Amino acid sequence: MNVFIVLIPMLLMSAVFIEIRVIEMSLPDVAPAAEPPPAEALDLVIRILPDAWVVEGRGVAAQVIAIPPPAGRTSATDATSHPLTQALARIVEEHAGTRDVRIAADPTTRYQAIVTTMDLARAAGLTDVGLESTEQAQ
Amino acid sequence: MRRSTSRRRVRSGRLQLHSGVSLTSLMDILTCLLFFVLKSFVAGGEVTAPPPGLALPRSSAERPMTTSLVVAIDRGSILVGSERIASVQDAEASPELLIAPLATRLEAARAQMENIRRLQGSDSTGTRMVTIQGDENIEFRVLQKVMYTLNQSGFQDIALAVIKGS
């Protein structure tokens, strides 16, 4: 009986009741191929600015979408109705088969903002997400 | 009159003695509770639990977490498993992308994993997955350096740990 009384609070304290999920991604090879991406590739990029997202791509007009307050927070239910998701979904519709997107973030961008952007891109059907710094992109 | 009250007392005393909590039922409840807690502990316990003080970002991702090497980045330090490897301040201040102490520790972890694979007789060139448990407030430059170091150390499959929900 005493064992139970000791065991239960101990396990309750160490147990985790939050659901942890993962976003899987593959990093590029250490020695990347020297050849640039083919000219016809869309090369879609989402730049995270402090107050807006900028969606750019080859043959796609750049779009600026304001980050709504509170920044960096969204849920699965409102992801599909989000302006960024809708803009990306339109691009995916126009360029069928597009799965790749790069997220260019400032070195001081918060991790939550990057994860939120990844969520919104995934909701639009862009499942292969790459990360890059705006310092090296420019 | 006095007799009747004393009788009542005796009766109520007896009743109290018999109406105490049954130990058998209590043990049943506690056993159920123990199994429930143990199950939740096994399902999402030690391996996946982020270090105390680390708030994972929230996401709509649905993929469940698998057991792998965990690199945790909280506001002050970078940890591999529960071992503190480097400080976030040093990583931020360094002009280089590679975090040297982390690379050394990852090399050791990779050698250990390959040894285990060799002893098990399985293919040593299998995928090496690393889970990054980053605090929601860390800056991208730290994450970028950690990811670069992982890539250089031969870990190319990354899983970013998040909390499900909004």
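Residues numbered from 1 in each chain as written. Chains lettered and ligands numbered in written order. Predicted model: local features only at pLDDT ≥ 70, side-chain atom pairs only at ≥ 80, totals over all residues. Heavy atoms only, no water.

1. Some words on the overall build of chain A
And step 1. Within chain A, the secondary structure is distributed over five helices and six strands.
And step 2. From first element to last, N terminus to C terminus, chain A shows the α and β order α-β-β-β-β-α-α-β-α-β-α.
And step 3. Looking at chain A as a whole, 43% of its 138 residues are labelled buried.
And step 4. The contacts of chain A with a sequence gap of at least 6 include a subset with a gap of at least 24, amounting to 64%.
And step 5. Carbon and sulfur atoms form 57% of the exposed surface of chain A, whose accessible area is close to 7600 Å². (Helix = DSSP H or I, 4+ residues; strand = E, 2+ residues; numbered from the N terminus. Buried < 20%, exposed > 50% of the residue type's maximum accessible area, 1.4 Å probe, protein only. Contact = heavy atoms within 4.5 Å. Areas by Shrake-Rupley, 256 points an atom, 1.4 Å probe, with all protein chains shown as cover.)

2. Some thoughts on the pattern of salt bridges
Residues and elements named next belong to chain A.
And step 1. Tallied over the entire structure, the rule returns eleven salt bridges over all chains.
And step 2. Its salt-bridge partner being Glu132, residue Arg102 comes within 2.6 Å of it at the nearest N-O pair. With Arg102 in strand β5 (residues 100–105) and Glu132 in strand β6 (residues 128–133), the pair connects residues that are 30 residues apart, well separated along the chain.
And step 3. Residue classification places Arg102 among the partly exposed positions, given a relative accessible area of 28%.
And step 4. Look at the salt bridges and you will find they share partners, linking Asp43, Arg58, Arg102 and Glu132 into a network. (Salt bridge = Lys/Arg side-chain N within 4 Å of Asp/Glu carboxyl O.)

3. Brief notes about the interface of chain B and chain A
Interface size is commonly expressed as the accessible area that is lost once the parts come together.
And step 1. Across the boundary between the two partners, chain B contributes 54 residues, which contact 44 residues of chain A.
And step 2. Between chain B and chain A, roughly 4500 Å² of surface is buried when both sides are summed, and carbon and sulfur atoms account for 65% of that area.
And step 3. The three residues of chain B that bury the most area against chain A are Arg63, Phe140 and Leu160 of chain B, which together make up 15% of that side's buried surface.
And step 4. At the boundary of chain B with chain A, the tally comes to one salt bridge.
And step 5. In this structure, Glu24 of chain A and Arg63 of chain B form a salt bridge, with 3.2 Å as the shortest nitrogen-oxygen distance.
And step 6. Our count for the chain B to chain A interface comes out at 17 residue pairs in polar contact (both at pLDDT 80 or more).
And step 7. Where the side of chain B that touches chain A is concerned, the elements lending two or more residues are α2 (23–44), β1 (58–59), β2 (63–64), β6 (129–134), α5 (140–152) and β7 (157–164) of chain B.
And step 8. Considering each element in turn, the side of chain B that touches chain A owes the most residues, 13 residues, to α2 of chain B.
And step 9. Residue classes in the side of chain B that touches chain A are distributed as 30 nonpolar, 15 polar and nine charged. (Buried area = accessible area lost by both parts, 1.4 Å probe. Polar contact = N/O pair within 3.5 Å; in protein donor to acceptor, adjacent residues only side chain to side chain. Nonpolar A, V, L, I, M, F, W, Y, C, P; charged D, E, K, R; others polar.)

4. Examining the sheet that holds strand β3 (residues 52–57) of chain A
Residue and element names in this part refer to chain A.
And step 1. Here five strands make up an open sheet; going across it, the order is β4-β3-β2-β5-β6 and the pairing mixed. Every interior strand has two partners, whereas the edge strands, β4 (60–66) and β6, have only one. Each neighbouring strand pair of the sheet contributes to a mean axis angle of 20°, computed without reference to strand direction.
And step 2. Summarising the sheet, β3 and β4 pair through five bridges and their orientation is antiparallel. Each residue of the ladder has a partner; that of Ala52, found in β4, is Ala66. (Pairing = 2+ DSSP bridges. Axes fitted to C-alpha atoms, helices over the stretch in contact; angles between N-to-C directions.)

5. Remarks on α5 of chain B
All names here are of chain B.
And step 1. For α5, built from 13 residues, the straight-helix expectation of 18 Å at 1.5 Å per residue is met to within 8% by its first-to-last C-alpha distance of 18 Å.
And step 2. The buried fraction of α5 is high, at ten of 13 residues.
And step 3. Within the sequence span of α5, burial applies to Phe140, Val142, Leu143, Gln144, Lys145, Val146, Met147, Thr149, Leu150 and Asn151. (Expected span 1.5 Å × (residues − 1).)

6. A short note on the pairing of strand β5 (residues 83–87) of chain B
Residues and elements named next belong to chain B.
And step 1. Direction of pairing for strand β4 (residues 77–80) relative to β5: antiparallel, over a ladder of four bridges. Bridge assignment links Ser77 to a residue of β5, and that residue is Ser87.
And step 2. Linking β4 back to β5 in an antiparallel pair, the connection comprises two residues, with Gly81 at a positive phi of about 65°.

7. So, the packing of helix α3 (residues 83–94) of chain A against helix α4 (residues 111–123) of chain A
Residues and elements named next belong to chain A.
And step 1. It is at 8 Å that the axes of α3 and α4 come closest, and there the two elements cross at 45°. Here α4 runs oblique to α3, going by the angle between their axes. Relative to α4, α3 is oriented so that their crossing is right-handed. Along the contact surface, α3 presents Leu84, Thr85 and Leu88, while α4 presents Thr117, Leu120, Ala121 and Ala123.
And step 2. For the contact of α3 with α4, the class distribution of residues is five nonpolar, two polar and no charged. (Parallel < 35°, antiparallel > 145°, perpendicular 65-115°, else oblique. Left-handed = near helix turned anticlockwise from the far one by under 90°.)

8. Observations concerning the pairing of β6 of chain B
All names here are of chain B.
And step 1. Among the six residues that make up β6, five are buried, leaving the element largely enclosed by the rest of the structure.
And step 2. Sheet topology note: the strand β3 (residues 69–73)/β6 ladder contains five bridges and is parallel. If you follow Val70 over to β6, its bridge partner there is Thr131.
And step 3. The parallel pair β6 and β7 is bridged by α5, and the resulting crossover is right-handed. (Right-handed = clockwise from strand over helix to strand, strands pointing away.)

9. Some words on the environment of Arg99 of chain A
All names here are of chain A.
And step 1. Residue position: Arg99 is located in the loop between α3 and β5.
And step 2. Between the C-alpha atom of Arg99 and that of Leu126, which follows or precedes it by 27 residues, the distance is 4.5 Å.
And step 3. Not counting the four nearest positions on each side in its chain, Arg99 is found in contact with Val92, Gly125, Leu126, Thr127 and Asp128.

The quantities given are spatial measurements derived from coordinates; they are silent on function.
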